[in-house]
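# Structure at a glance
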Protein chains: 2
Amino acid sequence: MWQLFQFPLCPFSRKVRLLLGEKGVGYDLVRESPWERRDEFLDMNPAGRTPVMVDDKGTVLIDSWAICEFFEETVNKAPMINGTAINRAEIRRLVAWFDEQFFADVVAPLMHERMKKRLIDRLSPDARVLREAMKLALNHLDYTDYLLDHRNWLGGATMSLADLTAAAHISVADYLGGIDWRGHEQTKRWYSGLKSRPSFRPLLSERMEVISPPQHYDKVDF
Amino acid sequence: MWQLFQFPLCPFSRKVRLLLGEKGVGYDLVRESPWERRDEFLDMNPAGRTPVMVDDKGTVLIDSWAICEFFEETVNKAPMINGTAINRAEIRRLVAWFDEQFFADVVAPLMHERMKKRLIDRLSPDARVLREAMKLALNHLDYTDYLLDHRNWLGGATMSLADLTAAAHISVADYLGGIDWRGHEQTKRWYSGLKSRPSFRPLLSERMEVISPPQHYDKVDF
Ligand SMILES: N[C@@H](CCC(=O)N[C@@H](CS)C(=O)NCC(=O)O)C(=O)O
Ligand SMILES: N[C@@H](CCC(=O)N[C@@H](CS)C(=O)NCC(=O)O)C(=O)O
């Protein structure tokens, strides 16, 4: 059985969990708070980051990109990087877009202000930084609206790792109160569809200590 | 024929160029300075980042990860993400390590202080930031020394995308005077081997306007 080292609001771990859920791969969750820089965790992953996966034979998989490609290569069920080489490049472009741009613009500042400051230093968030992250989130939702005007799913005609990655990041931003859903109907409809998937339900029911999500967070109709 | 939009010191474009060189894929270089945020470039890549590749049929490939996987999938020659699924995960872990950790710790601050400040604002670099980047570079070279004590190449028994990615980032840091080679014999020997490859020679002979590399930069013996 695989073990997944993560914490409830790590978007990269959420991406991996959605993929494993779709593929029907079982795993146990192990709680890891990377900011504590535990020696045993650093021995396993010198980068000190979640997600990390370990199996009974001692195989260690590190980095959500490497982990997702690994399961895509080894589990045939529910291919999530699918289609022609050009389709696959488009899926990976969007995965990188959410992991880098959306994460840096929206998720990282929200996590810093609303989670790390609270948990580690017991400080209150900086309202200016929060406002800026929420404003950038709206630009990103304009872009997903635009993509969904032209395609059924973000990466093309079928559900892919692009959708799972986007949903992972958006769900963390939404938990932290960073998403204003008004006026983004296409993205809202798409996200509602993802929220109702069995792979997403366990994620939506988990809570991070001390921090509560807004009312609508785990509702399929919101 | 492919066109590659890039500038001489973009490490992600260098990674792609090394891969294309090893695989024998031809391409023309198109100079793009992403900080100018050219409208036509933003229309092609809304992320506004290099590298981007375009072919005669209008195919657009964006993001070095997506581009490398594309050519790995479509060109059999010189496989660079090779071996078992576990080997491939290890290669991808190290690619992510250099693209994220080494880039953020070393290359990004060097590029900012020594290139962008100079080109864009005509300011001088901040010595404190440079010192910190150079110090972190040494920690990274300790890690590559450690890996090369146990393996022939960074990612395992054969040359892989991990080596090309590491060499791409290290070469930009070296151009910008950020690498102190003393005391890192394993990494130096490995890097000297890469420098002598035909895929690397054109890169080493290019210059970025205004900024000159140190004497040893393009020498195989250094
Ligand atoms: N590229 C990595 C990024 C992982 C990452 O940034 N994880 C965060 C948690 S969401 C982390 O562990 N940060 C701690 C640190 O950077 O020290 C991946 O895709 O797995
Ligand atoms: N994940 C991207 C990163 C590309 C990237 O950061 N490129 C830099 C140049 S080295 C860039 O275009 N920066 C301009 C910007 O971020 O606005 C890749 O691997 O291609």
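Predicted, not measured: the structure shown is a model, and the values here were computed from it. (Residues numbered from 1 in each chain as written. Chains lettered and ligands numbered in written order. Predicted model: local features only at pLDDT ≥ 70, side-chain atom pairs only at ≥ 80, totals over all residues. Heavy atoms only, no water.)

In this section: the interface of chain A and chain B. Every contact between the two is made by 25 residues of chain A and, on the other side, 25 residues of chain B. Carbon and sulfur atoms supply 67% of the area buried between chain A and chain B, which totals about 2400 Å² over both sides. Connecting chain A to chain B are eight salt bridges. A salt bridge links Glu100(B) to Arg49(A), with the shortest nitrogen-to-oxygen separation between them at 2.8 Å. Taken together, chain A and chain B are joined by 10 residue pairs in polar contact (both at pLDDT 80 or more). A total of 11 residues in the side of chain A that touches chain B trace back to one element, the largest contributor, which is helix α4 (residues 85–121) of chain A. Looking at the side of chain A that touches chain B residue by residue, the class counts come to 14 nonpolar, three polar and eight charged. (Contact = heavy atoms within 4.5 Å. Buried area = accessible area lost by both parts, 1.4 Å probe. Salt bridge = Lys/Arg side-chain N within 4 Å of Asp/Glu carboxyl O. Polar contact = N/O pair within 3.5 Å; in protein donor to acceptor, adjacent residues only side chain to side chain. Helix = DSSP H or I, 4+ residues; strand = E, 2+ residues; numbered from the N terminus. Nonpolar A, V, L, I, M, F, W, Y, C, P; charged D, E, K, R; others polar.)

Our next topic: helix α3 (residues 64–74) of chain A. Residue and element names in this part refer to chain A. Taken across its 11 residues, α3 has nine buried, putting it largely inside the fold. Taken as a whole, α3 has its buried residues at Ser 64, Trp 65, Ala 66, Ile 67, Cys 68, Glu 69, Phe 70, Phe 71 and Glu 72. N-cap assignment for α3: the residue whose side-chain oxygen lies 2.9 Å from the backbone N of Trp 65 is Asp 63. (Buried < 20%, exposed > 50% of the residue type's maximum accessible area, 1.4 Å probe, protein only.)

For the structure on display, the rule yields 40 salt bridges over all chains. Among the ionic pairs, Arg38(A) bridges to Glu32(A), the shortest N-O distance being 2.5 Å. A salt bridge links Lys219(B) to Asp218(B), with the nearest nitrogen and oxygen atoms 3.8 Å apart. Overlapping salt bridges, with partners in common, bring together Glu69(A), Glu73(A), Arg88(A), Arg92(A), Glu69(B), Glu73(B), Arg88(B) and Arg92(B) in one network.

The subject of this paragraph is the relation of the copies chain A and chain B. Of the transformation placing chain A onto chain B, the axial shift is 0.0 Å and the rotation is 180°, giving an RMSD of 0.0 Å. In the structure described here, the two chain copies are related by an operation that fits a two-fold rotation axis. Taken together, the interface assignments show that 100% of the residues at the interface of chain A recur at the interface of chain B, consistent with an identical surface on both copies. (Least-squares fit on C-alpha atoms with pLDDT ≥ 70 in both.)

Residues and elements named next belong to chain A. For chain A, the assigned domains are domain 1 (2–74) and domain 2 (85–205). The distance between the C-alpha centroids of domain 1 and domain 2 comes to 20 Å. Every contact between the two is made by 15 residues of domain 1 and, on the other side, 25 residues of domain 2. Both sides of the domain 1 and domain 2 interface together cover about 1900 Å² of buried area, and 73% of this is carbon and sulfur. When the buried surface of domain 1 facing domain 2 is broken down by residue, Leu 9, Arg 14 and Leu 18 rank first, second and third, together holding 36% of it. Linking domain 1 to domain 2 there are three salt bridges. There are five residue pairs in polar contact (both at pLDDT 80 or more) connecting domain 1 and domain 2. Contributions of two or more residues to the side of domain 1 that touches domain 2 are made by α1 (11–23) and α3. Examining the composition of the side of domain 1 that touches domain 2, we find that nine residues originate from one element, α1, more than from any other. Considered class by class, the residues forming the side of domain 1 that touches domain 2 number eight nonpolar, two polar and five charged. (Domains from an automatic or database assignment.)

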